[in-house]
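The chain contents come next:
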Amino acid sequence: MFGEQHDTRWFAAGGVFVLFAVVIGVSIGPAGPDWWRVPLELANRLPLIDFETGVSDADWAIVWKVRMPRVVLGGLVGGMLSIAGASYQGVFRNPLVDPYLLGSAAGAGLGATIALTIGRDATSTWPIDPVPTIAFIFALATVMVTYTVGAAFGGSRSGVTLVLAGVAVVSFTSAMQTFILQRNVEVIREVFRWILGSLSRADWGDVWLVIPYVAVSTVVLLLHRRHLDVFRVGDEEAATLGVSVARTRLVIVIAATFGTAAVVSVSGLIGFVGLVVPHIVRMVAGAGYRRVLPLSLMGGAGFLILADVPGRMIARPAETPIGVVTAFIGAPFFLYLLRTRRIGA
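Residues numbered from 1 in each chain as written. Predicted model: local features only at pLDDT ≥ 70, side-chain atom pairs only at ≥ 80, totals over all residues. Heavy atoms only, no water.

Below, the discussion takes up the overall build of the protein chain. The secondary structure content of the protein chain amounts to 15 helices and 0 strands. For a compact globule of 345 residues, the expected C-alpha radius of gyration is about 20 Å, and the protein chain comes in at 21 Å, within 12% of that figure. Principal-axis analysis of the C-alpha atoms places the extent of the protein chain at approximately 65 × 60 × 35 Å. For the protein chain, the residues scored as buried account for 48% of the 345 residues in total. Expressed as a percentage of contacts within the protein chain between residues at least 6 apart in sequence, the contacts between residues at least 24 apart total 78%. Total accessible area on the protein chain stands at roughly 16,600 Å², and carbon and sulfur atoms take up 67% of it. (Helix = DSSP H or I, 4+ residues; strand = E, 2+ residues; numbered from the N terminus. Rg over C-alpha atoms; globule rule 2.2 N^0.38 Å. Buried < 20%, exposed > 50% of the residue type's maximum accessible area, 1.4 Å probe, protein only. Contact = heavy atoms within 4.5 Å. Areas by Shrake-Rupley, 256 points an atom, 1.4 Å probe, with all protein chains shown as cover.)

For the rest of this paragraph, the subject is the packing of aromatic side chains. As enumerated under the stated definition, the model contains 6 aromatic pairs in all. The interplanar angle of 35° and the centroid separation of 5.8 Å between the aromatic rings of tyrosine 88 and phenylalanine 92 together place this pair among those described as tilted. Since its relative accessible area comes to 9%, phenylalanine 92 is described here as buried. Between the aromatic rings of phenylalanine 136 and tyrosine 213, the centroid separation amounts to 5.2 Å while the plane-to-plane angle is 55°, which identifies the pairing as tilted. Of the two residues, phenylalanine 136 is situated in helix α6 (residues 130-152) and tyrosine 213 in helix α9 (residues 204-223); the sequence distance between them amounts to 77 residues. By relative accessible area, which is 28% here, tyrosine 213 ends up partly exposed. Lying over the aromatic face of tryptophan 60, arginine 45 brings its terminal NZ or CZ to 4.2 Å of the ring centre. (Phe/Tyr/Trp six-rings, centres within 6.5 Å; stacked < 30°, edge-to-face > 60°. Lys NZ or Arg CZ within 6 Å of the ring centre and 35° of its normal.)

Another aspect to go through is the side chain of glutamine 177. Within the fold, glutamine 177 resides in helix α7 (residues 159-182). Taking the relative accessible area as the measure of exposure, glutamine 177 reaches 11% and is therefore buried.

Before going further, it helps to spend a moment on the environment of threonine 161. Within the secondary structure, threonine 161 sits in helix α7. Taking the relative accessible area as the measure of exposure, threonine 161 reaches 22% and is therefore partly exposed. Counting along the chain gives 50 residues from threonine 161 to glycine 111, while the straight-line C-alpha distance between them is 25 Å.

Two side chains bearing opposite charge may form a pair once their charged atoms approach each other closely. For the structure shown, the criterion picks out 8 salt bridges. In this structure, the salt-bridge partner of arginine 291 is aspartate 7, at a minimum N-O distance of 2.5 Å. Placement of arginine 291 in helix α14 (residues 289-313) and of aspartate 7 in helix α1 (residues 2-27) is noted, with a sequence separation of 284 residues between them. A residue is classified by how much of its surface remains accessible, and arginine 291, at 17% relative accessible area, is buried. Between glutamate 319 and arginine 70 there is a salt bridge, and its shortest N-O distance comes to 2.6 Å. (Salt bridge = Lys/Arg side-chain N within 4 Å of Asp/Glu carboxyl O.)

Let's shift gears to helix α12 (residues 245-267). Relative to the 33 Å expected for 23 residues at 1.5 Å per residue, α12 spans 32 Å between its end C-alpha atoms, a close match to the ideal helical length. Taken across its 23 residues, α12 has 17 buried, putting it largely inside the fold. The first or second residue beyond α12 is glycine 268, which carries a positive phi of 85°. (Expected span 1.5 Å × (residues − 1).)

Encoded structure:
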């Protein structure tokens, strides 16, 4: 009973953090109303509340149609990357892995590069942008190749073999991407803008596009929290406890990859979220996955929403890619973790 109450407090704190991040995210921007008016207007939009905030209809349109979808998409991307990273770290019993381990980022990057180069002229008149779709397909295909190669050499029984297969496939995919870019130098700037990650073009269509993938992936991963705790004792011990190691690992990898590929296809490659946030959660709330997964979901959402704020303000009217901001924050912090404590999955 005490443990459940303690979990409830942690989850409530996580919810408050996400709410705080959302308010900050929609309040700050290079255009629109004064930042302090936005929380008042948000409160004013609640039922049974009516007072003057000084926010015009034009200002509210900026908040709702420009900032809010960007904030919501940032929360979905950050939450998915973080819970996927925590799941990968658990299923492979390696605290240094992230959601891109098996090639989803490299595959998405290759797909986006192909869409932005070889097929750009052919698709320039299409009513929808093909880049997210092709990036998503290539991300899933790359992970499928990685898993197939790893399984052929015993990866279904050993997570180490699967990780090594991922390294090989990622290297090959990155080489293909470089080969294409060398022959299409005129689009290098656009490709690298996508690779560095951005939420600047987010709209409600992107939000509704990724919600089903994030929802399905998140539910599957949360339902496997107990299995991830069992994986911490080792594959053989997990098997003796009744866990089908190969099947469970496959389900978790598929769910994490499915969600990761979906969010990466609309945001580009945003690093360190799925690596650093789960470690912060373990530091403050313990290593049990009953807490780690839900808190990583909420922590990653809030973290990426807040990380997007300086990106839109530092170099305005231009924007700093959010992947650059997360690297500036995440890399030193992760080095600090490595220096000051022994990190365990």
